[in-house]
Amino acid sequence: MGLIVQKFGGTSVANAERIKAAARRITETYDAGNKVIVVVSARGQTTDELIELANEITDKPSTREMDMLLSTGEQVSIALMAMAIHALGYPAISFTGGQVGIVTDSFHTKARIRNINADRIRKELDNGSIVIVAGFQGIDANENITTLGRGGSDTTAVALASILHADRCDIFTDVDGIYTADPRKVPNARKLNKISYDEILELASLGAQVMHSRSIEFAKKYNVPLYVRSSFNNSEGTLICKEIDDMENIVVSGATVSKNDAKITIRSIPDVPGQAAKIFHEIAKKNINVDMIIQNASVEGRADVTFTVPRSDLKNALETAEKIKKDLWATEVLYDEKIAKLSVVGIGMRSHCGVAEKMFSILAEEKINIQMISTSEIKISCIIDEAHAERALNAVHKIFGLNHVKNEVAVKT
């Protein structure tokens, strides 16, 4: 008997028929002799609809009340899923995140899990029940409901799999697995049979919407095998696993483009020690993540600092930047939200040279200007104009041969 965690995304539970189909898949796993924990997201577009409703009430809703509102979507899903499993004649019980002891910090709308007390889950599993848990949510030390950010149900599933030492965690979604690029943007993208934790962590953080980046961090830390699979067919999907040597033979595994960022420039800051520390101390105090940072060469004792933030944090970041401008005697704050971040990822970059040259050359041929560049040992990202996003992605995907990628290396888990 094994322990399997299965997570079903919003499209997988969008209506009654899909909930019933998911319930049948869950009970098949149960009938195979496994203990089963199910994590579900809100149905379909529920979260977006709730956000839209809140914005009709006020353009600055309290983050605490947003968490109270958004958490209801998953509560609907878990109750319906339990009912569907009951209708098939199987024991099941549903819980909110707080009811199964998922404790987070108090950063509303983007909380991080601090602790999980899984005793209640273990008790129900030992009693023979299928346990259904609301994804995306928990409670803080003061028992306020918190949410983990968009895609947070992945993190809930992997965190539970980690703490309960599950044999594997299946992420059911509306695609067959992880592709070399978004197939909606790149028609000849190919499905990968397997990919390393580090590669998918980079892709997730860069805007690929298959997995939540914090879920990969959990999986890598506790070596939880993840399978990203379609909830609509029985294909094997993509295995996310620890790195093996043969994976380095593939220089670039995937390419992605994200339109979720905005660029801010603080102009003409006095070029003296400590200025960057002051800027990013204030930004960090607002719990805003900064990605790329550029400081230009000093001219007449002054320099510009440019950085990118999530587009959802732009308003808050601009307010902070204006305060910084006054405090540092800078001249002005500029911003651009019509940008895109184009990236290529592959652990093979560690042992192969020329990747940056190849990427930048194809962008030059396409007459696409590069505004900012960021690199790591397995990633190259650049900021470009949003209008060129899909064209740039297709060009990069083709130049690295991802149309014909071979991904058949042996897996050791």
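Residues numbered from 1 in each chain as written. Predicted model: local features only at pLDDT ≥ 70, side-chain atom pairs only at ≥ 80, totals over all residues. Heavy atoms only, no water.

1. Some thoughts on helix 2 (residues 46–57)
Side chains three or four residues apart in an α-helix point the same way, a direct result of the helix having 3.6 residues per turn. For clarity, the cut-off: Helix and strand definitions follow DSSP, with helices as H or I runs of at least four residues and strands as E runs of at least two, each counted in order from the N terminus. By definition here, a helix of n residues has an expected span of 1.5 Å times n minus one. A 1.4 Å probe rolled over the protein chains alone gives each residue an accessible area, and that area as a share of the maximum for its type sets the label: buried under 20%, exposed over 50%, partly exposed in between. Each C-beta atom gives one direction from the helix axis, and the arc is the one those directions make.
Helix length check: helix 2, at twelve residues, gives a terminal C-alpha distance of 17 Å against a target of 16 Å (1.5 Å per residue), a fit within 8%. Listing the buried residues of helix 2 in full gives T46, T47, L50 and A54. Buried positions in helix 2, seen along its axis, are confined to an arc of 100° and lie on one side of it. Exposed and oriented more than 90 degrees from the buried face of helix 2 are E49 and E56.

2. Side note on the state of the cysteines
Note the cut-off: To count as a disulfide, a pair of cysteine sulfur atoms needs to be within 2.5 Å.
Across all of its chains, the model carries zero disulfides by this definition. Of all cysteine sulfurs, the one in C169 lies closest to C241, which takes part in no disulfide; the gap is 14 Å. Overall, C241 belongs to the buried group, its relative accessible area being 2%. For C382, which is in no disulfide, the shortest distance to another cysteine sulfur is to C353 and amounts to 19 Å.

3. A closer look at the sheet that holds strand 17 (residues 332–336)
Test applied: The rule for pairing is simple: two strands pair if DSSP sees at least two bridges between them. A fitted line through C-alpha atoms serves as each axis, taken over the contacting stretch for helices, and the angle formed by two N-to-C directions is quoted from 0 to 180°. It only takes one pair of heavy atoms within 4.5 Å for two residues to be counted as in contact.
Ordered by their spatial adjacency, four strands build an open sheet running 15-16-14-17, and the pairing between neighbours is antiparallel. Unpaired on one side and paired on the other, strand 15 (293–295) and strand 17 mark the two borders of the sheet. Mean inter-strand twist for the sheet, computed between neighbouring axes without regard to direction, equals 15°. Sheet analysis places strand 14 (residues 261–270) next to strand 16 (residues 302–310), joined by eight bridges and oriented antiparallel. Bridge pairing in strand 16 links I266 to V305. Along the sheet face, helix 8 (residues 275–285) touches strand 14, strand 15 and strand 16 and points at about 25° away from the line of strand 16. The strands that helix 9 (residues 314–328) touches are strand 14, strand 16 and strand 17; relative to strand 14, the one it contacts most, it runs at about 5°.

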